[in-house]
Amino acid sequence: PGDEYFPNERFNSAVPPLPGMLWALGDLRLLNHKGLTIAIAGSRDAHEMAIDATRTLAREASDRGNLIISGLAQGIDSAAHEGALIGKTGTIGVMASGVNSHAGFVPSDESDAICLISQFMPGEPWSGPRAMQRNSVIAGMSDRVVIAAAGLTGGSWEMAQLCLKRN
C-alpha cells in the first residue's frame, strides 16, 4: 500500500480485504483502472458452449471499457482471459502461484493490456489451496463477479459463496 501502482483505492474498500503485498508483472496501470472491473470465474471442465460464451462476454465487456479479472485456470477462466485480450481494455490475471510461473499467460506482444498479480512469492508453485486463496483477491479486486459455470462443489462454487457473503 502506498506504492503508485498498488490498487490503493481498492485496498481501502475491498471486501474481502486485499493482502498487504501483491507481486505484479505486466501493465501495472491496470491495477488502478477507473471503470468497472468484472471478474469471470467458472469450471475447468465447462461445456464448450459455456467457454465460447465466456470468451464473447469478456471481449464485449472489455470493448465497453470494463476491465476483466480471471484466475487463469483452464476452461472458463482462460476463456475470460483470452476474450479480454481481444477486447480493448485488458485483463488482470490472478495467479495461484508466484508471478514467475507466467509462461503461457503473457503474450509476446508487450503492448497488450495485461497484468498478472499474485499474493504469493514470485517463485511459489501452483497448489490447490493457493487456488482457493487467490479467489479472495479476485473478489476483492472486482466490482462484479460472474460465475459462468460451476458445479455444486469446488473453487467456482466457493467463489460464488464468497461473493454472496460480501454482497
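For the structure, see preceding data.
So, a few notes on the structure that sits alongside this text. (Residues numbered from 1 in each chain as written. Predicted model: local features only at pLDDT ≥ 70, side-chain atom pairs only at ≥ 80, totals over all residues. Heavy atoms only, no water.)

### Brief notes about the nonpolar core
Grouped together as the largest cluster of nonpolar side chains are 20 residues, with contacts concentrated most on Ile-69, Ile-92, Val-94, Ile-117, Val-137 and Met-141. Broken down by secondary-structure element, the contributors of at least two residues to this core are β2 (37-42), β3 (67-70), β4 (91-94), β5 (114-118), α4 (128-140) and α5 (155-166). It is α4 that contributes the most residues to this core, three residues altogether. (Core = buried A, V, L, I, M, F, W, Y, C linked by side-chain atoms within 4.5 Å. Buried < 20%, exposed > 50% of the residue type's maximum accessible area, 1.4 Å probe, protein only. Helix = DSSP H or I, 4+ residues; strand = E, 2+ residues; numbered from the N terminus.)

### Some points on the sheet that holds β2
Spatially, β1-β5-β4-β3-β2-β6 is the arrangement adopted by the six strands of the open sheet, whose pairing is mixed. On the outer flanks of this sheet lie β1 (23-26) and β6 (144-149), each paired with one strand and no other. In this sheet, neighbouring strand axes are inclined to one another by 25 degrees on average, regardless of whether the strands run parallel or antiparallel. Examined bridge by bridge, β2 and β6 share five bridges and lie parallel to one another. Residue Ala-39 lies in a different strand from β6, and its bridge partner there is Val-145. Running over the sheet, α4 touches β2, β3, β4, β5 and β6 and is turned about 155 degrees from β4. (Pairing = 2+ DSSP bridges. Axes fitted to C-alpha atoms, helices over the stretch in contact; angles between N-to-C directions. Contact = heavy atoms within 4.5 Å.)

### Details of the layout of surface pockets
One number sums up the size of the largest pocket: a volume of about 290 Å³. As for the largest pocket, its lining consists of 21 residues, and the residues nearest its centre are Gly-42, Ser-43, Arg-44, Gly-155 and Ser-156. Listing elements by their share of the lining of the largest pocket, those giving two or more residues are β2, α4 and α5. Ranked by residue count, the leading element in the lining of the largest pocket is α4, at six residues. Considering only residue class, the lining of the largest pocket consists of eight nonpolar, nine polar and four charged. (1 Å grid on protein atoms, 1.4 Å probe; cavity = no way out; pocket = protein on both sides within 12 Å on 5 of 7 lines; lining within 4 Å. Points joined across faces, edges and corners; volume = space filled by probe spheres on them. Nonpolar A, V, L, I, M, F, W, Y, C, P; charged D, E, K, R; others polar.)

### So, the packing of helix α2 (residues 48-63) against helix α3 (residues 76-86)
Contact pair α2 / α3: the axes reach a minimum separation of 7 Å and the direction vectors enclose 35 degrees. In the crossing of α2 with α3, the sense of the turn from one axis to the other is right-handed. Facing Ala-50, Ile-51, Thr-54, Arg-55, Ala-58, Arg-59 and Ser-62 of α2, the residues of α3 in contact are Ile-76, Ala-79, Ala-80, Glu-82, Gly-83, Ala-84 and Ile-86. (Left-handed = near helix turned anticlockwise from the far one by under 90°.)

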